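# Analysis of the macromolecular model
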Amino acid sequence: MLSRVAHSLYWMARYIERAENIARIVDVNLQLLLDIRDLDEKKLTAYWLPIVQANGDEDAFFKLHPHANGQAVTEFLVFQPENPNSIVQAICAARENARMVRDQITLELWEELNRLYWFVRTPAARQLWKDSPSDFFQQIKAASLHIIGLTYSTLIHNEGWWFAQVGKFIERADKTSRILDLRYQSLPEKGLPKVISHTETLEWSAVLRSCSAWDSYKSIYGAEITPRLVAEFLLLNEDFPRSIRCCIAELNLALRRISGVAEGRF
């Protein structure tokens, strides 16, 4: 396989995963703020800035915006053309990489990615965002998951497909680790708190929802939300497809299929 083909398939999958992740994270934060009382400007910044930090874009953000409020952060993460990691730019980059390897992907995959690309560039997308951010993010998430499903269901599972898997699972593991790491930094320096407040419970629940893990977590641990259990689930669960351990296992499988190296050898 040509390196440019592998490169394009890798980044196509990675950018689609990135767009879906950012849409979910911003949507969850908007929903969380509806449940938090007595919010002032300082508290709002404390909820919005970590999302920028989770994407590693803090320096780029403050070059464009003086304050990390809801309007500035959502504009930066959703539409800002100067931000290469915004949802719109990620979708554009995914489409460009797909165009470069049009002969390597299926018509169904190309048409859905192309449809999403043209949607986010229309005034209708901006209007939907203004009217109902939740509906806008739902469209992004549904289309992204559709594309991920088409990649799995319609592409030949050859070397190129495994490169796409590498991109997807690196991006997924990266986002899960960043979300968990930022929340972990709010804990006391020595040991976990014995009791967490109602607000902290909401915040840790938001961490799970940001990773699409809420229902899966409850199926194992029930309604008990504690930092230790949330971290254990997102880091070490073998069966949840967004846990770090599961992502690394899939990444290991993909790299072995590409390299032809059997399990237990390097």
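## As for helix H2 (residues 41-54)
Relative to the 20 Å expected for 14 residues at 1.5 Å per residue, H2 spans 20 Å between its end C-alpha atoms, a close match to the ideal helical length. Along H2, the positions that sit buried rather than exposed are Tyr47, Trp48, Leu49, Ile51, Val52 and Ala54. Tucked inside the fold, the buried residues of H2 contact helix H1 (3-33), helix H3 (58-64), helix H4 (70-78), helix H9 (159-184) and helix H10 (198-210). Residue Gly56 follows H2 closely and has a positive phi angle near 70°.

## Considerations on the packing of H1 against H10
Packing of H1 against H10 brings their axes to within 9 Å, and their N-to-C directions diverge by 155°. Classified by the interaxial angle, the pair formed by H1 and H10 is roughly antiparallel. Between H1 and H10 lies a crossing of right-handed hand. For the pair formed by H1 and H10, the contact residues are Arg24, Ile25, Val28 and Leu32 on the first element and Leu202, Glu203, Ala206, Arg209 and Ser210 on the second. Among the residues forming the contact of H1 with H10, the class breakdown is 5 nonpolar, 1 polar and 3 charged.

## Quick word on the packing of aromatic side chains
According to the stated counting rule, one finds 17 aromatic pairs in the structure shown. Between Trp11 and Tyr15 the ring centres are 5.3 Å apart and the planes differ by 35°, which places this aromatic pair in the tilted class. Placement of both Trp11 and Tyr15 in helix H1 is noted, with a separation of 4 residues, approximately one turn of the helix. The exposure class of Trp11 is partly exposed, given its relative accessible area of 23%. The buried category is assigned to Tyr15, whose relative accessible area is 17%. On the basis of an interplanar angle of 80° and a centroid distance of 4.9 Å, the ring pair of Trp161 and Trp162 is categorised as edge-to-face. Accessibility expressed as a relative area gives 10% for Trp162, which makes it buried. Taken together, the ring pairs connect Phe79, Phe119, Trp129, Phe136 and Phe137 into an aromatic cluster. Above the face of the Tyr117 ring, Arg95 is positioned so that its terminal group lies 4.3 Å from the ring centre.

## What to know about unusual backbone geometry
The backbone phi angle of Ser212 is positive, close to 55°, even though this residue is not glycine. Within the element layout of this structure, Ser212 appears in the loop between H10 and helix H11 (214-221).

The rules we used
Residues numbered from 1 in each chain as written. Predicted model: local features only at pLDDT ≥ 70, side-chain atom pairs only at ≥ 80, totals over all residues. Heavy atoms only, no water. Helix = DSSP H or I, 4+ residues; strand = E, 2+ residues; numbered from the N terminus. Expected span 1.5 Å × (residues − 1). Buried < 20%, exposed > 50% of the residue type's maximum accessible area, 1.4 Å probe, protein only. Contact = heavy atoms within 4.5 Å. Axes fitted to C-alpha atoms, helices over the stretch in contact; angles between N-to-C directions. Parallel < 35°, antiparallel > 145°, perpendicular 65-115°, else oblique. Left-handed = near helix turned anticlockwise from the far one by under 90°. Nonpolar A, V, L, I, M, F, W, Y, C, P; charged D, E, K, R; others polar. Phe/Tyr/Trp six-rings, centres within 6.5 Å; stacked < 30°, edge-to-face > 60°. Lys NZ or Arg CZ within 6 Å of the ring centre and 35° of its normal.

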